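Examining the three-dimensional arrangement
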Amino acid sequence: MRKAFFVVCSALIALASPAIAQPLERGEFAGSVNLGADFPVGGDVHGGAISPIADLGPLNPALAGVAAELRIQSRSFDDIYGEGTAFGLEGAYGLGSNRELFVAVGRTQADEARVQVGGAFVPALSATLPVFGQFGEFTSTSVEAGLRQYFGGEGALQPYVAGRVGAAFTDEIRATFTIPDAAIAINNVAFYDDSTTFVIGADIGVSYAVTERFSIGAETGVRYTTGLEDNDSAIGGLGLARINDEGERLSIPVLVRARIAF
């Protein structure tokens, strides 16, 4: 779907003759749809911790009496999820002076992933066994408001900058932790609860007028989202309660937009 959107926008640029279209006049409205990718560049899904386990028996009866030390390392959003898909809708209202207010609803999704999160040192074996974590899909819906300022003069090509603030609603994230070499699994446990967080961001982009009322554009920027609501009900007993005191996220969205003015 994202590739098709890029192809359509590229074709319109190639075929359309430039049209002189200004940013919204005072009192005018516009609606747009955007699609692209969101690249995490900062923030951890979980932090690191070292926790001694006196007896692995409760996790695997065959290991009763065997001690271990969990050595969990921090993992970032990029380590676990990587690039996400971003899409959304926006409504804008012209203020005059090449300036407009906008309200946007967006959604970011990234597929579930399995990574090594650390190791379990077992003194009886003089070995460190790899520990893996499989984290459920990351899904977040945001509602934001902002101000956009254009600098394009009279031409069809209109660069702009914008700032935005809002809230994000992130779905629960569950995780499964395994030590395959010890036949240990902690399955499908709560890691982060449904969370409401704050979002702040800035954008830079360019809009190209295909007709006087229809334009396409490209945009990038930066988004900061505050930390998620942790759930220690399953991992707290292992001495790992603090590893999910994280969830802050810094990302760079790269979007294309199709917009109609009314």
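The preceding data block contains the structure.
These notes cover the structure that comes with them. Note that the structure is a prediction, hence the values are computed from the model and not measured. (Residues numbered from 1 in each chain as written. Predicted model: local features only at pLDDT ≥ 70, side-chain atom pairs only at ≥ 80, totals over all residues. Heavy atoms only, no water.)

As for unusual backbone geometry
Defined as follows: The numbering of helices and of strands both runs from the N terminus, where a helix is a DSSP run of H or I of at least 4 residues and a strand a run of E of at least 2. Burial status follows relative accessibility: with a 1.4 Å probe on protein chains alone, a residue under 20% of its type maximum counts as buried, one over 50% as exposed, and anything between as partly exposed.
The backbone phi angle of Ser 126 is positive, close to 50°, even though this residue is not glycine. With respect to the secondary-structure elements, Ser 126 resides in the loop between strand S8 (113-122) and strand S9 (127-135). The phi dihedral of Ala 183 is positive, around 55°, even though this residue is not glycine. Residue class for Ala 183 comes out exposed when judged on its relative accessible area of 59%.

Observations regarding empty space enclosed by the protein
To keep it simple, the criterion reads: Both cavities and pockets are sets of points on a 1 Å grid over the protein atoms alone; in a cavity a 1.4 Å probe fits but cannot get out, in a pocket the set is open with protein on both sides within 12 Å along at least five of seven lines, and lining residues sit with an atom within 4 Å of a point. Grid points are joined across faces, edges and corners, and a volume is the space filled by probe spheres set on the points. By the convention adopted, Pro, Cys, Tyr, Trp, Phe, Met, Ile, Leu, Val and Ala count as nonpolar, Lys, Arg, Asp and Glu as charged, and the other residues, Gly among them, as polar.
Per the counting criterion, the structure on display carries 3 cavities of 30 Å³ or more. A volume near 400 Å³ is recorded for the largest cavity. The set of elements that each furnish at least two residues to the lining of the largest cavity consists of strand S1 (29-42), strand S6 (84-96), strand S7 (99-110), strand S10 (138-150), strand S11 (157-170), strand S15 (214-225) and strand S16 (249-261). Tallied by class, residues from the lining of the largest cavity come to 11 nonpolar, 10 polar and 9 charged. Each pocket or cavity is described by its volume, and for the second largest cavity that value is around 160 Å³.

Comments concerning a nonpolar patch on the surface
Heads up, the rule is: Excluding any residue in a salt bridge, patches collect residues exceeding 30% relative accessible area, merging like charges within 9 Å and nonpolar Val, Leu, Ile, Met, Phe, Trp and Tyr side chains within 5 Å. Using a 1.4 Å probe, accessible areas were evaluated by the Shrake-Rupley method; residue-level cover was limited to the displayed protein chains. Throughout this description, the term salt bridge denotes a Lys or Arg side-chain nitrogen within 4 Å of a carboxyl oxygen of Asp or Glu.
The grouping of Phe 39, Val 41, Val 165, Ile 200, Val 222, Tyr 224, Leu 250, Ile 252 and Val 254 at the surface amounts to a nonpolar patch, some 680 Å² of accessible area in total. Only S1, S15 and S16 provide two or more residues apiece to the nonpolar patch. Per-element tally for the nonpolar patch: the top contributor is S16, with 3 residues. In this fold, Val 222 is placed in strand S15.

Observations concerning the sheet that holds S10
Keep this limit in mind: In this scheme, strands are said to pair when DSSP sees at least two bridges between them. The convention used is that axes are lines fitted to C-alpha atoms, helices contributing only their stretch in contact, and that angles between N-to-C directions extend from 0 to 180 degrees.
Here we have 8 strands rolled up into a closed barrel, ordered S1-S6-S7-S10-S11-S14-S15-S16, and antiparallel in their pairing. Strand-to-strand twist of the sheet, defined as the mean angle between neighbouring strand axes without regard to direction, takes the value 25°. Where S1 lies against S6, 10 bridges are found, and the strand directions are antiparallel. Bridging from a neighbouring strand, Ser 32 pairs with Glu 90 of S6.

Digging into the pairing of S15
With 11 bridges joining them, strand S14 (residues 195-209) and S15 adopt antiparallel strand pairing. Residue pairing across strands places Ile 204 opposite Thr 220, the latter belonging to S15. In textbook terms, the turn of a hairpin is the stretch between consecutive antiparallel strands, and for S14 and S15 this stretch comprises 4 residues. Both S15 and S16 contribute to a ladder of 10 bridges, which runs antiparallel. Of the residues in S16, the one forming a bridge with Thr 220 is Val 254.

A closer look at a negative patch on the surface
Keep this limit in mind: In this tally Asp and Glu are treated as negative and Lys and Arg as positive; neither His nor the chain ends contributes. Lysine's charge is taken at NZ, arginine's at CZ, aspartate's at CG and glutamate's at CD.
Taken together, the side chains of Asp 111, Glu 112, Glu 137, Asp 171 and Asp 194 make up a negatively charged region of the molecular surface. Its location among the elements puts Asp 111 in the loop between S7 and S8. In this structure Asp 111 comes out as exposed when scored by relative accessible area, which is 60%.

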